[in-house]
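Results of the structural survey
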Amino acid sequence: MCYGRCARCIGHSLVWLAILCIVANIVLYFPNGETKYASENHLSRFVWFFSGIVGGGLLMFLPAFVFIGLEEDDCCGCCGHDNCGKRCAMFSSVLAALIGVAGSGYCVIVAALGLAEGPQCLNSSGQWNYTFANTDGQYLLDTSTWSQCIEPRHVVEWNVSLFSILLALGGIEFILCLIQVINGVMGGICGYCCSRQQVRNCVKIDMTAKRTTPRQNHNLPLFHCNLYILLY
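Under an unreviewed UniProt entry, the name given to the protein is Transmembrane 4 L6 family member 1 isoform X1, and the organism recorded is Enhydra lutris kenyoni. Its UniProt record gives the protein the following Sequence similarities (unreviewed entry) comment, quoted word for word: "Belongs to the L6 tetraspanin family." As recorded by UniProt, the Subcellular location (unreviewed entry) comment attached to the protein reads in full: "Membrane".

1. Concerning the packing of aromatic side chains
Throughout the structure, instances matching the rule amount to six aromatic pairs. Summarising the aromatic geometry, the rings of F132 and Y139 are spaced 4.7 Å apart at their centres and angled 15 degrees between planes, so their arrangement reads as stacked. The pair F132 / Y139 is uniform in exposure class, with both members buried. Clustering of aromatic rings is evident, with ring pairs tying together Y29, W48 and F50.

2. Some words on the state of the cysteines
With the rule as written, the count across this model stands at one disulfide. Between C121 and C149 runs a disulfide, and the two sulfur atoms are separated by 2.0 Å. Its S-S torsion of approximately -55 degrees makes the covalent link between C121 and C149 left-handed. Pair noted here: C121 is in strand β1 (residues 120-122) and C149 is in the loop between β2 (128-130) and α5 (155-190), with a separation of 28 residues, a long-range link. Note on C121: relative accessible area 0%, which makes it buried. Take C149: its relative accessible area is 9%, and that puts it in the buried class. For the unlinked cysteine C21, the closest cysteine sulfur is that of C107, found at 4.4 Å.

3. Focus: the environment of Q180
Along the chain, Q180 falls in helix α5. A C-alpha to C-alpha distance of 8.1 Å links Q180 and C6, two positions 174 residues apart in sequence. Residue contacts for Q180: discarding those within four places in its chain leaves A7, I10, F67, M90, S93 and A97.

4. What about the packing of helix α1 (residues 3-27) against α5?
Where α1 meets α5, the axes come as close as 9 Å, and the angle between the chain directions of the two elements is 160 degrees. In terms of axis orientation, α1 runs roughly antiparallel to α5. Between α1 and α5 lies a crossing whose hand is left-handed. Within the contact of α1 with α5, the residues separate by chemical class into 22 nonpolar, six polar and one charged.

5. Observations concerning a nonpolar patch on the surface
Together, W48, F49, F50, V54, L58, L59, L62, I99 and Y106 line one region of the surface with nonpolar side chains, adding up to about 750 Å² of accessible area. When contributions to the nonpolar patch are tallied by element, the ones reaching two or more residues are α3 (51-69) and α4 (85-117). Within the secondary structure layout, F50 lies in the loop between α2 (36-39) and α3.

Calculation criteria
Residues numbered from 1 in each chain as written. Predicted model: local features only at pLDDT ≥ 70, side-chain atom pairs only at ≥ 80, totals over all residues. Heavy atoms only, no water. UniProt positions renumbered as here; feature names shortened; annotations may be inferred. Phe/Tyr/Trp six-rings, centres within 6.5 Å; stacked < 30°, edge-to-face > 60°. Buried < 20%, exposed > 50% of the residue type's maximum accessible area, 1.4 Å probe, protein only. Disulfide = S-S within 2.5 Å. Helix = DSSP H or I, 4+ residues; strand = E, 2+ residues; numbered from the N terminus. Contact = heavy atoms within 4.5 Å. Axes fitted to C-alpha atoms, helices over the stretch in contact; angles between N-to-C directions. Parallel < 35°, antiparallel > 145°, perpendicular 65-115°, else oblique. Left-handed = near helix turned anticlockwise from the far one by under 90°. Nonpolar A, V, L, I, M, F, W, Y, C, P; charged D, E, K, R; others polar. Patch = residues over 30% accessible without salt bridge, like charges linked within 9 Å, V, L, I, M, F, W, Y side chains within 5 Å. Areas by Shrake-Rupley, 256 points an atom, 1.4 Å probe, with all protein chains shown as cover. Salt bridge = Lys/Arg side-chain N within 4 Å of Asp/Glu carboxyl O.

Next comes the structure, spelled out in structure tokens:
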């Protein structure tokens, strides 16, 4: 299995997911494209938790770029050189993945709470409040009650749609980061995946090192390269 290629794929996916989270969270501030509700503080309080901008957005760029950065490392760290740079890189990616787990988890929790409580809106009594706060989220299944919110128009649909998007995107990010935790541990233990040509280059480096420094023990790295060729 190519652990490095998997990590880079996860990294590229996280970048796009993070961008979508930021956009969805920003759009939440402008129901029906109007800015007055944000300035008058008539938005759901969970909008101000910045779950999509920070948790599922900016915080996800760190692990994403770490995973993508694995592509720039050469492949001879564990074959021809004394240090195992590739394995260290894979292990370090686990720490970045844990940061992603925390950020995406935060996004999921806040989005779920926002869905459960419902939007702040002007009801038929002329008061601004959380009309569906005491329904334990049951209003989501009964669309006939959504008309209780008079202003902003269609604010229930607006909040349900965008918080659901944040919930889904955060959930995908959470799963991808968990996958990278497992992938990083396996890659660190089993070794980074190299192409056949890179492995041949590693073997050449190892043989050259043997001729120049015959007393040094290169059996272990050569064994890893030969084992990879057989498995490949």
